[in-house]
Amino acid sequence: MNTAWLDPELLVRRIVPGDWPSLERVLLSGNVDDPCMHPRLFEIIGHWLSVNTKLKIHMHTNGSLRTTKWFGELGRISADHPDRLRVIFAIDGLEDTNHIYRRGSNWQKIQDNWRAYIAAGGYALWQCVVFDQNRHQIEKIKQLQAAEGFRDIRLRYSGRQWADGAAKVTELPTHAGHSKVICKSTTSAERPPELFINHQGDVSPCCFIDLSNIKVSDRYLGIISQLGSNVPYNLHDADIDSIVRGAWFDWLFDNWQTNRECVKHCRDNLRDSVIIQQAPII
Ligand code: SF4
């Protein structure tokens, strides 16, 4: 079980308000844990909101943790910063199907939490990964999310597989790969460059290269150590500018077209397609 948290003081030290006037969006996502697990999440949200006045936070949760009181407080923070804190509830079905992918989840608790958040004025989105077991429920899910006060629904089509490699989930017919790596974090025409900071303070271009992920960390930490001593990659040791201009990022830029994670995710396109659907008017 993970017991490490991104230290809010580290963020305050490295992301100084006023120094990031162009930063548009921060995504709090559960690469390792659900963001709701962070014991000082409200401080982290407060800090990001102070970085500049136009920055928006998108936070992903499955809605299963915490209490209605906690979600009510989160909703009030969202209401106090109009359109700047959006919570995306990952709910992959209805009461009889959500738990199939979201194993161990409790529908009543999720429902109580989203209701507390929305009742407090929080900006909520419903995200649903489309699987065989819920695809027949999509219209009902759209109606429910609109009736419950979600602002919108995102249908997510995925190239993911189950851990045993069986039962590949739904893919759109258009979910094709590319002839070469196109880096979504630094070269996308559709959105500005991105950076990923994990809960340990490691910095990389994207969450696919999460240096705390046991499946990829050995390989990349090995590469970093071969690049030389004191190559900056962690916010505890260096600021973001030094990391992005350092040997670690240079290596990634030089090896995009052959690097394993880049080929897998940004050439063969084993990542999700998301369709934003307008909620029906009820
Ligand atoms: S996997 Fe590689 S190519 Fe894809 S976004 Fe990350 S750094 Fe860029």
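Residues numbered from 1 in each chain as written. Predicted model: local features only at pLDDT ≥ 70, side-chain atom pairs only at ≥ 80, totals over all residues.

S.K.: I'd like to hear about the overall build of the protein chain, residue by residue, with values.
M.R.: A tally of regular secondary structure across the protein chain gives ten helices and eight strands. Counting every position in the protein chain, which comprises 282 residues, the buried fraction comes to 27%. Nonlocal contacts in the protein chain, meaning residues at least 24 apart in sequence, comprise 72% of its contacts between residues at least 6 apart. (Helix = DSSP H or I, 4+ residues; strand = E, 2+ residues; numbered from the N terminus. Buried ≥ 20, exposed ≤ 12 C-beta atoms within 10 Å, placed from the backbone. Contact = placed C-beta atoms within 7 Å.)

S.K.: Got a sec to walk through the site of the ligand? Specific residues and values, please.
M.R.: Residues in contact with the ligand amount to 14 residues; listed here are only the nearest, Cys183, Pro205, Cys206, Cys262 and Cys266. The biggest single contributor to the shell around the ligand is helix H10 (residues 260-266), with four residues. Residue classes in the shell around the ligand are distributed as ten nonpolar, two polar and two charged. (Near = placed C-beta within 6 Å. Nonpolar A, V, L, I, M, F, W, Y, C, P; charged D, E, K, R; others polar.)

S.K.: So what about helix H3 (residues 68-80)? Which residues, and what values?
M.R.: The terminal C-alpha atoms of H3 lie 18 Å apart, and with 13 residues this matches the ideal 18 Å at 1.5 Å per residue to within 8%. Those residues of H3 that fall on the buried side of the exposure criterion are Phe71, Leu74, Gly75 and Ser78. Burial along H3 is one-sided: seen end-on, the buried residues are contained in an arc of 100 degrees. Turned more than 90 degrees away from the buried face of H3, the exposed residues are Lys69 and Asp80. The elements touched by buried residues of H3 are strand E3 (85-90), helix H5 (107-119) and strand E4 (123-129). (Expected span 1.5 Å × (residues − 1). Arc of directions from axis to C-beta.)

S.K.: Hey, could you go over the environment of Tyr123 for me, with residue numbers and the actual values?
M.R.: Assignment of secondary structure puts Tyr123 in strand E4. You can call Tyr123 buried: it has 23 C-beta atoms within 10 Å. Residues Tyr123 and Leu74, spaced 49 residues apart in sequence, show a C-alpha to C-alpha distance of 9.9 Å. The residues touching Tyr123, leaving out its near neighbours within four places in the chain, are Ser78, Asp83, Leu85, Arg86, Val87 and Arg151.

S.K.: Just give me the short version of the packing of H3 against H5, but keep the residues and values in it.
M.R.: For the pair H3 and H5, the least separation of the axes is 7 Å and the interaxial angle reads 35 degrees. Our pair here, H3 against H5, has a crossing hand that is right-handed. Residues Thr68, Phe71, Gly72, Leu74 and Gly75 of H3 pack against Asp112, Asn113, Ala116, Tyr117, Ile118 and Ala119 of H5. Grouping the amino acids of the contact of H3 with H5 by side-chain chemistry returns six nonpolar, four polar and one charged. (Axes fitted to C-alpha atoms, helices over the stretch in contact; angles between N-to-C directions. Left-handed = near helix turned anticlockwise from the far one by under 90°.)

S.K.: Please provide a residue-by-residue account of the pairing of E4, values included.
M.R.: Look at any regular strand and the pattern is simple: side chains alternate between the two faces of the sheet. Buried residues dominate E4, accounting for six of its seven residues. Pairing of E3 with E4 involves five bridges; the strand directions are parallel. Pairing of Ala90 across the sheet is with Gln127, part of E4. Across five bridges, the pairing between E4 and strand E5 (residues 152-157) is parallel. Looking at the pairing, Leu125 lines up with Asp152 of E5. As for the winding sense of the linkage, the β-α-β connection from E4 through helix H6 (residues 138-148) to E5 is right-handed. (Pairing = 2+ DSSP bridges. Right-handed = clockwise from strand over helix to strand, strands pointing away.)

S.K.: How would you sum up the nonpolar core? Please name residues and give values.
M.R.: The tendency in soluble globular proteins is for nonpolar side chains to be buried as a group. Ile57, Val87, Phe89, Tyr117, Ala124 and Cys128 are the most contacted members of the largest nonpolar core, which has 33 residues in total. Listing elements by their share of this core, those giving two or more residues are strand E1 (25-28), helix H2 (41-51), strand E2 (56-61), H3, E3, H5, E4 and E5. Grouped together as the second largest cluster of nonpolar side chains are twelve residues, Phe208, Ile209, Ala238 and Leu252 included. (Core = buried A, V, L, I, M, F, W, Y, C linked by C-beta atoms within 7 Å.)

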